[in-house]
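Architecture at a glance
One letter stands for each residue in the lines below.
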Amino acid sequence: MYAKISGLGAALPSNKILNEDISSMLETSDHWISTRTGIKSRYFSKEGESTGDLAYFAAKEALSDNDLDNIDLLVLATSTPDRLCPATAPKVAARLNLNHIAAFDINAACSGFIYALQMAKMGIESGTYRSALVIGADTYSTITNPNDRTTYPLFGDGAGAILLNASEHENDLIDITLGSDGEFEDLITIENGGSESKLKGIKNILPNYFSMSGKEVFLKAIDKMKVSVESILSKNNILKDEVDFLIPHQANMRIINTLKDTIGFKNVVTSISLDEYGNTSAASIPLAMTKSLLNNEIDENTLGVMTAFGGGITWGSALVRSPSIGIKVGIKYL
Ligand code: UT7
């Protein structure tokens, strides 16, 4: 069996925040944010628009009426779950009337969607599952410090979902490679609040915000994604000129451009959504792909690469074939 892409969906919360809105509350400017990152706006959640809510609406956009009958796996990539315990995936599944299926969260931060895709691909190719929903959803506005200009302007909330079906002939997830290096856990972190800080006797440290060593992450992101993309191409005997489209993690336009230059991708169609959505962490790749398909930027049945880097540190790439025109694709703005 192979995994075939049968639907794509995305969801954005209702509160659109422009760079000008951020610069009215923080010592920053539209000029700094847009020239250093490429971000012009992002969406922030309000009550009733949690990670689980966004995941649900993204999944609904990816599904047609009769898809639910076969779905037997839901994997949700997130590092901002609705609750620390339990996982958010079962709640999303139940809301979709899939109260009986296997459903779990994966936390590989911004690389989470590629990790989740690999779990679903293996489940389908082994014959264990017939159909899987893979969702990336995050609400970083709930963990970034509104007074921290090094993180708050960069992230946005959102969700993206892909429906995979088992197919005997159509192979849309050709190969996936994943990696991690926990030596660098401090580069992207919420340091307190987990078991480690409790065992150290640190109690009730609130507020407990997300932090990132931007410059170091910038360099590592380029390096790890480059090696990961090159290794998946060479493993599958694919030349860089044979790649039609690239769906990179949407953190910074300068990272994306440097990555393309260092790999030597000259004419690849590149999915970009960070200008409107900011860095949506695990949601960034399915959101970017959904937007590109809706804008007809990616032709059907062409060869592409997804690549991501995130906290952990983690990284991963997927060699994919674009789905046929006519599958369900939609974005919901709440
Ligand atoms: O999604 C997970 C992976 N995350 C990423 O891939 C993000 C990777 N990192 C980046 O995208 C970039 O490093 C940032 C956008 C975070 C920062 O851009 P940079 O060009 O690396 O800036 P920098 O950190 O070197 O800071 C340059 C200057 C500093 O001031 P001084 O020390 O030169 O006076 C910062 O304090 O820019 C200052 N700065 C800002 N100024 C205005 C930092 N943030 C801001 C801001 N507005 N928002």
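Residues numbered from 1 in each chain as written. Predicted model: local features only at pLDDT ≥ 70, side-chain atom pairs only at ≥ 80, totals over all residues. Heavy atoms only, no water.

Description of the environment of Asp 53
Relative to the elements of secondary structure, Asp 53 occurs in helix α3 (residues 51-62). Judged by relative accessible area, which is 15%, Asp 53 ranks as buried. For Asp 53 and Ala 159, which are 106 residues apart along the polypeptide, the C-alpha to C-alpha distance reads 9.1 Å. In this structure, Asp 53 is in contact with Gly 48 and Arg 95, ignoring residues within four places of it in sequence. (Helix = DSSP H or I, 4+ residues; strand = E, 2+ residues; numbered from the N terminus. Buried < 20%, exposed > 50% of the residue type's maximum accessible area, 1.4 Å probe, protein only. Contact = heavy atoms within 4.5 Å.)

Things to note about the pattern of salt bridges
Evaluation of the coordinates by the stated rule reveals ten salt bridges. Between Lys 235 and Asp 175 there is a salt bridge, with its nearest N and O atoms 2.9 Å apart. Taken together, the residues Lys 235 in helix α7 (residues 214-235) and Asp 175 in strand β8 (residues 173-180) connect sequence positions 60 residues apart. With a closest N to O distance of 3.1 Å, Glu 276 and Lys 291 form a salt bridge. A residue pair is termed long-range when its members are at least 10 positions apart, and Glu 276 in helix α9 (residues 274-277) and Lys 291 in helix α10 (residues 284-294) qualify at 15 residues. (Salt bridge = Lys/Arg side-chain N within 4 Å of Asp/Glu carboxyl O.)

Points about the UniProt feature "domain: Beta-ketoacyl-[acyl-carrier-protein] synthase III C-terminal" (unreviewed entry) in the protein
UniProt tags residues 233-321 as "domain: Beta-ketoacyl-[acyl-carrier-protein] synthase III C-terminal" (unreviewed entry). Measuring from the first to the last C-alpha atom of residues 233-321 gives 13 Å, for a span that is 33% helix and 25% strand. (UniProt positions renumbered as here; feature names shortened; annotations may be inferred.)

Let's talk about the site of the ligand
The ligand sits among 20 residues. The nearest are Thr 28, Arg 36, Asn 252, Arg 254 and Asn 279. Residue His 249 places a side-chain N or O atom 2.8 Å away from an oxygen atom belonging to the ligand. The separation between an oxygen atom of the ligand and a polar side-chain atom of Asn 252 is 2.8 Å. When the free accessible area of the ligand is taken as 950 Å², the share hidden by the protein chains comes to 74%. Residue assignment for the shell around the ligand shows that the elements contributing at least two residues are α2 (30-37), α7 and α8 (253-263). A total of four residues in the shell around the ligand trace back to one element, the largest contributor, which is α7. Of the residues belonging to the shell around the ligand, the class tally is nine nonpolar, six polar and five charged. (Near = heavy atom within 4 Å. Polar contact = N/O pair within 3.5 Å; in protein donor to acceptor, adjacent residues only side chain to side chain. Areas by Shrake-Rupley, 256 points an atom, 1.4 Å probe, with all protein chains shown as cover. Nonpolar A, V, L, I, M, F, W, Y, C, P; charged D, E, K, R; others polar.)

Description of the UniProt feature "domain: Beta-ketoacyl-[acyl-carrier-protein] synthase III N-terminal" (unreviewed entry) in the protein
The UniProt record annotates "domain: Beta-ketoacyl-[acyl-carrier-protein] synthase III N-terminal" (unreviewed entry) at residues 104-182. Counting secondary structure, residues 104-182 comes out at 18% helix and 39% strand; the distance between its end C-alpha atoms is 22 Å.

What to know about the nonpolar core
Core analysis: the largest hydrophobic core is formed by 34 residues, its most contacted members being Leu 117, Ile 162, Leu 164, Ile 247, Met 289 and Met 306. Broken down by element, this core gets its largest block of residues, seven residues, from helix α5 (residues 112-125). Of all hydrophobic cores here, the second largest spans 30 residues; its members include Val 229, Leu 259, Phe 265 and Val 268. (Core = buried A, V, L, I, M, F, W, Y, C linked by side-chain atoms within 4.5 Å.)

Comments concerning the sheet that holds β8
Across a sheet, strands are paired by hydrogen bonds formed along the backbone, either parallel or antiparallel in direction. Ordered by their spatial adjacency, five strands build an open sheet running β8-β14-β13-β11-β12, and the pairing between neighbours is mixed. On the outer flanks of this sheet lie β8 and β12 (269-270), each paired with one strand and no other. Looking at chain direction, β8 and strand β14 (residues 314-321) are connected through seven bridges and run antiparallel. For Ser 180, the partnering residue across the bridge sits in β14 and is Thr 314. (Pairing = 2+ DSSP bridges.)

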